[in-house]
Amino acid sequence: MNAQAPALRDPRLNRPEPFTPPLGDGGFFQRDRSIHPPAHAPGYKSSVLRSPRQALLSLENSISEITGPVFGHNDLGPLDNDLIRNYAKDGDPVGERIIVHGRVLDETGRGVPNTLVEFWQANAGGRYRHKKDTYVAPIDPNFGGCGRALTDDTGYYYFRTVKPGPYPWRNYVNSWRPAHIHFSVFGSGFAQRLITQMYFEGDPLIPVCPILTTIPDKDALDRLVAPLDLNASTPFDSLAYRFDIVLRGQRSTYFENRTAGN
Amino acid sequence: MPQPLNYLKETASQTAGPYVHIGLIPAMAGFDIFEKNFSNVLVTPNTKGERITLEGRVLDGAGTPLRDVLLEIWQANAAGRYNHPADRSAGALEEEFRGWGRAGSDFDSGLVTFETIKPGAITDRTGRKCAPHVNLWIVARGINIGLNTRLYFSDEEAANAADPVLNLIEQPARRATLIAKRSERAGKIVYTFTINLQGPEETVFFDV
Ligand SMILES: [Fe+2]
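Nothing here was measured: the structure is a model prediction, and the numbers come from that model.

Rules of the game
Residues numbered from 1 in each chain as written. Chains lettered and ligands numbered in written order. Predicted model: local features only at pLDDT ≥ 70, side-chain atom pairs only at ≥ 80, totals over all residues. Heavy atoms only, no water. Helix = DSSP H or I, 4+ residues; strand = E, 2+ residues; numbered from the N terminus. Rg over C-alpha atoms; globule rule 2.2 N^0.38 Å. Buried < 20%, exposed > 50% of the residue type's maximum accessible area, 1.4 Å probe, protein only. Contact = heavy atoms within 4.5 Å. Areas by Shrake-Rupley, 256 points an atom, 1.4 Å probe, with all protein chains shown as cover. Buried area = accessible area lost by both parts, 1.4 Å probe. Salt bridge = Lys/Arg side-chain N within 4 Å of Asp/Glu carboxyl O. Polar contact = N/O pair within 3.5 Å; in protein donor to acceptor, adjacent residues only side chain to side chain. Nonpolar A, V, L, I, M, F, W, Y, C, P; charged D, E, K, R; others polar. Pairing = 2+ DSSP bridges. Donors = N, O, S within 2.8 Å, 3.2 Å for Na, K, Ca; no water. Tetrahedral: all angles 85-135°; square planar, octahedral: opposite > 155°, others 65-115°. 1 Å grid on protein atoms, 1.4 Å probe; cavity = no way out; pocket = protein on both sides within 12 Å on 5 of 7 lines; lining within 4 Å. Points joined across faces, edges and corners; volume = space filled by probe spheres on them. UniProt positions renumbered as here; feature names shortened; annotations may be inferred. Core = buried A, V, L, I, M, F, W, Y, C linked by side-chain atoms within 4.5 Å. pLDDT = per-residue confidence, 0-100.

This next bit is on the overall build of chain B. Helix and strand counts for chain B come out as 4 helices and 11 strands. Taken against the 2.2 N^0.38 rule, which gives 17 Å for 208 residues, the C-alpha radius of gyration of chain B at 18 Å falls within 12% of a compact globule. If one aligns the C-alpha atoms of chain B with their principal axes, the spans along those axes are about 70 × 40 × 40 Å. Every one of the 208 residues in chain B was classed for burial, and the buried ones make up 58%. Counted over contacts in chain B with a minimum sequence separation of 6, partners at least 24 positions apart contribute 67%. In the structure as shown, chain B presents an accessible area of about 8,500 Å², 51% of it carried by carbon and sulfur atoms.

Let us look at the interface of chain B and chain A. If you look at the interface, chain B gives 79 residues, while chain A gives 96 residues. Around 8,000 Å² of area is buried between chain B and chain A when both sides are counted, 58% of it from carbon and sulfur atoms. Considering only the surface of chain B that becomes buried against chain A, Leu 8, Glu 10 and Gln 14 of chain B emerge as the three largest contributors, covering 11% of it. The tally of links between chain B and chain A comes to 8 salt bridges. Here chain B is connected to chain A by 45 residue pairs in polar contact (both at pLDDT 80 or more). Listing elements by their share of the side of chain B that touches chain A, those giving two or more residues are α1 (20–24), α2 (26–29), β2 (70–75), β3 (100–104), β7 (133–139), β8 (147–153) and β11 (206–207) of chain B. Residues that form the side of chain B that touches chain A fall into these classes: 42 nonpolar, 17 polar and 20 charged. Two strands pair when backbone bridges link them, and strand β1 (residues 57–58) of chain A and β11 of chain B are joined in this way by 2 bridges, in the parallel orientation. Bridge pairing links Ser 58 of chain A to Asp 207 of chain B in β11 of chain B.

Looking now at the pattern of salt bridges. Evaluated as defined, the whole model comprises 25 salt bridges over all chains. Measuring nitrogen to oxygen at the nearest pair gives 2.7 Å for the salt bridge that ties Lys 218 of chain A to Asp 222 of chain A. Here Lys 218 of chain A pairs with Asp 222 of chain A, and both are found in helix α2 (residues 218–222), just 4 residues apart, close to one helical turn. Residue classification places Asp 222 of chain A among the buried positions, given a relative accessible area of 15%. Linked through salt bridges whose partners overlap, the residues forming this network are Glu 50, Lys 118, Asp 155, Glu 156 and Arg 182 of chain B.

Time to look at the coordination of the iron ion. Octahedral six-donor coordination of a metal ideally yields angles of 90 or 180 degrees, compared with 109.5 degrees for tetrahedral four-donor coordination. Residues and elements named next belong to chain A. Taken together, Tyr 128 (OH), Tyr 167 (OH), His 180 (NE2) and His 182 (NE2) make up the full set of protein donors to the iron ion, lying 1.9 to 2.2 Å away. Classification of the site at the iron ion rests on its 4 donor atoms, whose angles at the metal span 92 to 161 degrees, yielding the label irregular. Positions of the donor residues of the iron ion along the chain correspond to the pattern Y-x38-Y-x12-H-x1-H. Linking Tyr 128 in the loop between β3 (116–120) and β4 (146–150) with Tyr 167 in strand β6 (residues 167–169), this pair joins segments that are 39 residues apart in sequence. The residues Tyr 128 and Tyr 167 share a single accessibility class, namely buried.

Turning our attention to empty space enclosed by the protein. In this approach the atoms are scanned with a rolling probe the size of a water molecule, which exposes any empty space left behind. Applying the stated criterion to the full structure yields 4 cavities of 30 Å³ or more. Lining the largest cavity are Ser 64, Glu 65, Phe 190 and Ala 191 of chain A together with Asn 135, Leu 136, Asn 148, Thr 149, Arg 150, Phe 206 and Val 208 of chain B. Where the lining of the largest cavity is concerned, the elements lending two or more residues are α1 (63–66) of chain A together with β7 and β8 of chain B. Here the residues of the lining of the largest cavity sort into 5 nonpolar, 4 polar and 2 charged.

Bringing the UniProt feature "domain: Intradiol ring-cleavage dioxygenases" (unreviewed entry) in chain B into the picture now. Within the UniProt annotation, "domain: Intradiol ring-cleavage dioxygenases" (unreviewed entry) is assigned to residues 54–82 of chain B. Between the end C-alpha atoms of residues 54–82 of chain B there is a gap of 19 Å, over a span that is 0% helix and 41% strand.

This next bit is on the nonpolar core. If you look at the biggest cluster of nonpolar residues, it comprises 39 residues, and the most contacted ones within it are Val 100, Phe 183, Met 198 and Phe 243 of chain A. Mapped by element, the contributors of at least two residues to this core are β2 (97–106), β3, β5 (156–162), β8 (180–185), β9 (194–200), α2, β10 (225–226) and β12 (245–247) of chain A. Sort the elements by how many residues they give to this core and β9 of chain A lands first, with 4 residues. Formed by 34 residues, the second largest nonpolar core is a distinct cluster that contains Ile 22, Trp 74, Trp 100 and Cys 130 of chain B.

This next bit is on the confidence of the model for chain B. Per-chain confidence: chain B averages 96 in pLDDT, with 100% of residues scoring 70 or above. Two summary scores accompany this predicted model of the complex, namely pTM at 0.93 and ipTM at 0.97.

This is the structure in structure tokens:
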């Protein structure tokens, strides 16, 4: 991360034209674990006792992994993607009003349609509405801190919220999380299931965060940082940040040959 | 230089953190926000199949139950059919049975429960018979990337012995880490399981 000079960066500028083979329902592309944080990452102390030590058993995708739950608009309420209104009691929540938008894509560059995206975050002061959060910053009576959306036919999603604040946590005595929004995404098969976090361009806490720096690959880390997207902002109302999420691609089945073995 | 392949890279995983409940099970975080909520109850009165409770815990490397873990299950219906367009097997589909649920562990005991039905045996697209099983996905603070495993059923000994995935596990003792034990409690069928994240009885986790 270059924390000094955060250039306005459109994630699509560096992106070549995607390769789009026919959509198949074969297994998913093998997960490249070198871009994900390892299970055991001692700088993030909670991972030490919560990380498996045996090798994962590689499983050729069967019908159990290629399939996954299907969601629809019936699962959602009308305010689910509006965190400014979905818990408002007597006014709007305190904080910078922002829109977060982007696309859920797969590794072939194809949009993932009609997939459930869920998000949760602290309020503008860095406090979660959670019975286990005891940070001194106050709860905002008008802010719940969670929402969800279904992507459209092209994989596009958007929601409105206030920018979350950084907060301290118990790792080292002076560890602070950069401002972030947690994301949960499904895709079309259970093997695409992913939870991640979105960060904000220019945040000086990004390069020193023990959780973010569990990611061993600098480019993979940069892809979690959403750029300011002035063109998508609403003048005199809300700034906008863009965050695209990429799920595993899916192989096409060109020929119905049986592979050797079981 | 050959032609570039130009695939995108998967987005990196990050821990779900200690407050995962806010986003995914807000009632457990202590507030009510959505009109419709997802839950650990997969069945409706119309669901076909044997009613079962899945009950278990996830233990860390010191044997302490995780009290902030979230589990999701994904399973076929009693006819062995997943409610997804890619499953074109012969079993009858039940529109009402999604086959998916999520649960947070109890903040004191660490217990996780699901109310569901026992899935049927699955026929894969290659014609393989697979023993009845439930697919499990585990996230929590300290878990950097979701863990995938499966639960099989202790009363399916013959099917388990022939299951192609269980047979991939070289050590018979490790196969046992995926078998949920059937018992009866106050007239209800309960399958209990323990997920060990580490230690001599570490659960088998899959790279799916
Ligand atoms: Fe957080």
